[in-house]
Amino acid sequence: TTLIWTVDKNNPDQNVIDRAAQIIKNGGLVAFPTETVYGLGANGLDGTAVAGIYRAKGRPSDNPLILHVADFAMAETLSAGLPPVAGMLMDKFWPGPLTLVVPRANHIPGQVTGGLDTVGIRMPSHPVALALIKAAGVPIAAPSANRSGRPSPTRAAHVQADLQGRIDAILDGGPTGVGLESTVLDVSGEQPVILRPGGVTYEQLADLLPRVTIDPSILGKKLSRDQAPRSPGMKYTHYAPAAPLTLFEGEPARVVQAIARRAAEQLARGKKVGILAFEENAPYYPQGAVILTMGQQKNPATAANMLFALLRQFDRLKVEVILAEGLEPKGIGLAIMNRLRRAAGEIVQL
Ligand code: TXA
Ligand code: MG
């Protein structure tokens, strides 16, 4: 059975943190909140413990994990040599939702890196995550705490739904903040490349790194089989709710019109239709549809915060199709569109 501990986000009980840390030190698995999504943690220096993460999630073992650290000194022990630009990025964005892919140190178990010669490192800003890593005294390897292929968890209840009985404990620190995973930035090569858009935006990075580029797979729908993605995670279906999702992209007025028409068609066929909409557009959709809103179009941070919870809610409501409004891929909107495209079975460009 899985222990569940409720902790105060800003002032976590040290006794609880110490018990969770002891599980990590003993080779067990603990889910914990970060400012992005919940992570499923194990001792990042213990290959056997890390193998347990893949088992619990049903995750392909060639998809590498991020090592979470509590301070810069711990990060330095994990790299064969931090590129100079890494220090600047750590100063500016850590603790926070930025993962740096750097040359790996030799002592990191192969289970963490999936056989690559690089490793992803991040210092989260969530007080519970930081307290747990400090108490464990080791870097914590942690992917998002969902079953592989499911939307990432932004609440402890999501972790329970996916992993209850498969892991040792869950630290419940309430809903997460950003709601989407960290930005993964590869600084191991000549030019910095964004491998996954997330909490730190392209615009923020480009301010500091004029030569930063975005991996072409990020807004592409599906990779062709011979195109090797630089971030192995990008080749798997992800974030998908149970019902097929159709994403509508383009000018907002056209998007609303096209979704309203498709919804009416599907309702006429007796289907249970879910619509993922911005608040201001909800009144234009048919009454019979299940409409879930993600705040206003002008506040994409709210959409990011709510997206994964809403996808899970469509599952619980047992809708048979989901029609989703897209948004401009700017700022945090780039990360939202990346997750929506990867959840989508069909994309309609208007
Ligand atoms: O916000 C987050 O990053 C959350 C929280 C828990 O920290 N973690 C997370 O982990 O999203 P995960 O495992 O679900 O996603 C990690 C991504 C994957 O796409 C993986 O392929 C990529 O980072 N990645 C990890 N190490 C890498 C490396 N050495 N080279 C390239 N990509 C790497
Ligand atoms: Mg994940």
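For clarity, every value in this text was computed on a predicted model and none was experimentally measured. (Residues numbered from 1 in each chain as written. Chains lettered and ligands numbered in written order. Predicted model: local features only at pLDDT ≥ 70, side-chain atom pairs only at ≥ 80, totals over all residues. Heavy atoms only, no water.)

Novice: Explain the pattern of salt bridges here, please?
Specialist: Inspection of every chain in the model, using the stated rule, returns eight salt bridges. For the salt bridge of R150 with D162, the shortest nitrogen-to-oxygen distance reads 3.6 Å. Of this pair, R150 sits in the loop between β7 (140–141) and α7 (156–163) while D162 sits in helix α7, placing them twelve residues apart in sequence. The salt bridge partner of E346 is R262, with a shortest N-O separation of 3.1 Å. Here E346, found in strand β16 (residues 346–349), pairs with R262, found in helix α9 (residues 252–268); they are 84 residues apart in sequence, far enough to count as distant. (Salt bridge = Lys/Arg side-chain N within 4 Å of Asp/Glu carboxyl O. Helix = DSSP H or I, 4+ residues; strand = E, 2+ residues; numbered from the N terminus.)

Novice: What should I look at first to understand the UniProt feature "binding site: ATP" (unreviewed entry) in the chain in this one?
Specialist: The UniProt record annotates "binding site: ATP" (unreviewed entry) at R59, N63, S144, S152, R196 and Y239. Its location among the elements puts N63 in the loop between α2 (47–57) and β4 (66–68). Relative to the assigned elements, S144 resides in the loop between β7 and α7. Relative accessible area serves as the criterion here: at 12%, S144 is assigned to the buried category. Beyond its immediate chain neighbours, meaning those up to four positions away, S144 contacts V37, Y38, G39, L40, K57, S152 and P153. (UniProt positions renumbered as here; feature names shortened; annotations may be inferred. Buried < 20%, exposed > 50% of the residue type's maximum accessible area, 1.4 Å probe, protein only. Contact = heavy atoms within 4.5 Å.)

Novice: Which parts of the structure should I look at to understand the packing of helix α1 (residues 14–25) against helix α6 (residues 127–136)?
Specialist: Between two packed helices, what matters for the description is the angle formed by their axes and the separation of those axes. At a closest axis distance of 8 Å, the pairing of α1 and α6 adopts a crossing angle of 55°. As far as their axial angle goes, α6 and α1 are oblique. The chirality of how α1 crosses α6 is right-handed. Here Q14, I17, D18, A20, A21, I24 and K25 of α1 lie close against α6, whose contacting residues are V128, A131, L132, A135 and A136. Considering only residue class, the contact of α1 with α6 consists of nine nonpolar, one polar and two charged. (Axes fitted to C-alpha atoms, helices over the stretch in contact; angles between N-to-C directions. Parallel < 35°, antiparallel > 145°, perpendicular 65-115°, else oblique. Left-handed = near helix turned anticlockwise from the far one by under 90°. Nonpolar A, V, L, I, M, F, W, Y, C, P; charged D, E, K, R; others polar.)

Novice: When you look at the sheet that holds strand β5 (residues 98–103) in this model, what are you seeing that I'm missing?
Specialist: Backbone-to-backbone hydrogen bonds pair the strands of a sheet. The strands run either parallel or antiparallel. The strand order across the open sheet built from eleven strands is β1-β8-β2-β3-β7-β4-β6-β5-β9-β10-β11, with neighbouring strands paired in mixed fashion. For this open sheet the edge positions go to β1 (3–6) and β11 (213–214), each flanked by a neighbour on one side alone. Sheet topology note: the strand β2 (residues 30–32)/strand β8 (residues 169–172) ladder contains two bridges and is parallel. Bridge pairing in β8 links V30 to A169. Contacting β3 (39–43) and β7, α2 crosses the sheet at an angle of about 150° to β3. (Pairing = 2+ DSSP bridges.)

Novice: Would you mind showing me how to read the environment of P175 here?
Specialist: Along the chain, P175 turns up in the loop between β8 and β9 (183–186). Sequence separation between P175 and P33 is 142 residues, and the spatial gap between their C-alpha atoms is 8.0 Å.

Novice: Honestly, the sheet that holds strand β15 (residues 321–325) in this entry has me stumped. Any pointers?
Specialist: Strand order in the open sheet made by the five strands is β14-β13-β15-β12-β16, with parallel pairing throughout. On the outer flanks of this sheet lie β14 (290–293) and β16, each paired with one strand and no other. Sheet twist, expressed as the average angle between the axes of neighbouring strands with direction ignored, equals 20°. Two elements, strand β12 (residues 245–249) and β16, share four bridges in a ladder whose sense is parallel. Residue pairing in the sheet places L247 in a bridge with I347 of β16. Each of β12, β13 (273–277), β14 and β15 touches helix α10 (residues 300–316); the most contacted strand, β14, lies at about 165° to it.

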